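Chains, contacts and geometry: an overview
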Amino acid sequence: MKKYFACLLLLQFAVTFAFSQNLDSIQKDWTARMGGKLGIPYGNNASAGKYYDIRGFKMYCEVYGTGKPLLIIHGNGGSISNFVYQVPYFSQKYKVIIADSRAQGKSVDSGDSLTYEMMADDYDALLDAMKIDSAYVIGWSDGGINALLLAIRHPEKVKKLAVTGANLRPDTTAVYQEVWDMVRPEYSTLKQKSTLDTKEKEELKLLRLLCDQPHIPLADLHTITAPALVMGGDHDVIKFEHTMQIFQNIPKAYLWILPNSGHSTPVVYSGEFNKKVDDFFSTPYRVIKQQGRFF
């Protein structure tokens, strides 16, 4: 019996070690691709990029592929390059529209204000500028918040939305305390400084967004008419019960919690993520009740 348990422990260690090594490999590959060292320099591709004058700033956007429009939205402090695993996949079938959100990436905004509502309205205006009446939408982290708000504030613009790692509130009912303990000290330090250089001002703006927002009532989720796929890692920075709450309050929604996963579901599980989201977009939403619950 002791030998049996010893073998099990050895096997568990081997699997954990192998997965850890695989994560290191994925992170290195992702970082290299974001830097344009492997393949297309997404986020810095002159042949696909263009600036749009909207709502008081120039929004940088790249477009890939043809087909039905698909809008992809990055997270806090991110950029177009974060989706190096999604753009090649989805551009084979969709017209992928991917932009740097206000005050991030190449979309410079010198103003002090920044809210998720502002960014959701930016994406609405971007689609208008591109003469696109509606699109499928993918949002990761803060991009997921933007996607939810786009569906709430501009429902006609969203065919279906897939969000991962989104939250409705800036508190420990949504985010783990250990995550706040990592983020809030830097925010407090910057707030207390009497003078800030340009870089610190940009950092403070993004940290304020992260720490003081969003504030989305559950009642607002009830107004979302588009079918939604709500996702998260089982060890995400967002509590899985909060992700479930988002799922439970959108009238037409599916839930997918990825096992053995943190916040970076589109990166670590890119293959499964892409296929699941594509299947969701491609398949009519199914109302599951009564006898349907058995199959």
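Just above, that's the structure.
Scope of this entry: the structure provided in the associated data block. Keep in mind that what you see is a predicted model, and the values were worked out from it rather than measured. (Residues numbered from 1 in each chain as written. Predicted model: local features only at pLDDT ≥ 70, side-chain atom pairs only at ≥ 80, totals over all residues. Heavy atoms only, no water.)

**Observations regarding helix H5 (residues 177-192)**
- Between the first and last C-alpha of H5 there are 22 Å, a value that for 16 residues agrees with the 22 Å anticipated at 1.5 Å per step.
- Bending of H5 peaks at approximately 30 degrees at the position of valine 183, with proline proline 185 no more than four residues after it.
- All of the buried residues along H5 are Val179, Trp180, Val183, Tyr187 and Leu190.
- Its buried side turned inward, H5 meets helix H6 (198-212). (Helix = DSSP H or I, 4+ residues; strand = E, 2+ residues; numbered from the N terminus. Expected span 1.5 Å × (residues − 1). Bend = angle between axes of the 7 residues up to and from the residue. Buried < 20%, exposed > 50% of the residue type's maximum accessible area, 1.4 Å probe, protein only. Contact = heavy atoms within 4.5 Å.)

**Thoughts on helix H4 (residues 142-153)**
- With twelve residues, H4 ought to run about 16 Å at 1.5 Å a step, and its terminal C-alpha atoms sit 16 Å apart, in line with that.
- Among the residues of H4, Asp142, Gly143, Gly144, Ile145, Asn146, Ala147, Leu148, Leu149, Leu150, Ala151 and Ile152 are the ones counted as buried.

**Side note on the sheet that holds strand S1 (residues 49-54)**
- The eight strands lie next to each other as S1-S2-S4-S3-S5-S6-S7-S8, forming an open sheet whose pairing is mixed. Each edge of the open sheet carries a strand with a single partner, namely S1 and strand S8 (253-258). Mean inter-strand twist for the sheet, computed between neighbouring axes without regard to direction, equals 20 degrees.
- Set on the sheet, helix H3 (residues 116-129) makes contact with S1, strand S2 (57-64), strand S3 (68-73) and strand S4 (94-99); between it and S1 the angle comes to about 110 degrees.
- Sheet strands touched by helix H10 (residues 270-282): S3, S4, strand S5 (135-140), strand S6 (158-164), strand S7 (228-233) and S8. Its angle to S6, the strand with the most contacts, is close to 155 degrees. (Pairing = 2+ DSSP bridges. Axes fitted to C-alpha atoms, helices over the stretch in contact; angles between N-to-C directions.)

**Considering unusual backbone geometry**
- Residue proline 214 is bonded to the preceding glutamine 213 through a cis peptide linkage, with omega at 0 degrees.
- Inspection of the secondary structure assignment puts proline 214 in the loop between H6 and helix H7 (218-221).
- Of note in the backbone geometry, lysine 131 takes a positive phi value of approximately 60 degrees without being a glycine.
- Assignment of secondary structure puts lysine 131 in the loop between H3 and S5.

**Here we look at the environment of cysteine 211**
- The topology assignment puts cysteine 211 in helix H6.
- Placed 31 residues apart in sequence, cysteine 211 and tryptophan 180 show a C-alpha to C-alpha distance of 8.2 Å.

**Regarding the packing of H3 against H4**
- Between H3 and H4, the shortest axis-to-axis distance is 8 Å and the interhelical angle comes to 70 degrees. Between H3 and H4, the interaxial angle falls into the category roughly perpendicular. In terms of crossing hand, the pair formed by H3 and H4 is right-handed. Touching Tyr116, Glu117, Met119, Ala120, Asp121 and Asp124 of H3 are Asp142, Ile145, Asn146, Leu149, Leu150 and Arg153, all from H4.
- A per-class count over the contact of H3 with H4 returns six nonpolar, one polar and five charged. (Parallel < 35°, antiparallel > 145°, perpendicular 65-115°, else oblique. Left-handed = near helix turned anticlockwise from the far one by under 90°. Nonpolar A, V, L, I, M, F, W, Y, C, P; charged D, E, K, R; others polar.)

**As for the packing of H5 against H6**
- In contact at an axis separation of 10 Å, H5 and H6 are set at 135 degrees when each is read in the N-to-C sense. Taken together, the axes of H5 and H6 lie oblique to each other. Relative to H6, H5 is oriented so that their crossing is left-handed. Within the contact between the two elements, H5 uses Trp180, Val183, Arg184, Glu186, Tyr187, Leu190 and Lys191 and H6 uses Glu200, Glu203, Leu204, Leu207, Arg208, Leu210, Cys211 and Asp212.
- Of the residues belonging to the contact of H5 with H6, the class tally is eight nonpolar, no polar and seven charged.

**Points about the environment of glutamate 186**
- In this structure, glutamate 186 sits in helix H5.
- Using a relative accessible area of 42% as the deciding quantity, one classes glutamate 186 as partly exposed.
- Residues glutamate 186 and alanine 103 lie 83 residues apart in sequence; the distance between their C-alpha atoms is 19 Å.

**As for the pattern of salt bridges**
- In total, this model carries 13 salt bridges according to the counting rule given.
- For lysine 58, the salt bridge goes to aspartate 53, with nearest N and O atoms at 2.8 Å.
- Judged by relative accessible area, aspartate 53 falls into the exposed class, the value being 61%.
- With a shortest N-O distance of 2.9 Å, aspartate 121 and arginine 153 are connected by a salt bridge. Here aspartate 121, found in helix H3, pairs with arginine 153, found in helix H4; they are 32 residues apart in sequence, far enough to count as distant.
- The exposure class assigned to aspartate 121 is buried, which follows from its relative accessible area of 15%.
- Judged by relative accessible area, arginine 153 falls into the partly exposed class, the value being 39%.
- When salt bridges with common partners are traced through the structure, they connect Arg55, Arg102, Asp109 and Asp122 into a single cluster. (Salt bridge = Lys/Arg side-chain N within 4 Å of Asp/Glu carboxyl O.)

These figures come from the coordinates and say nothing about function on their own.
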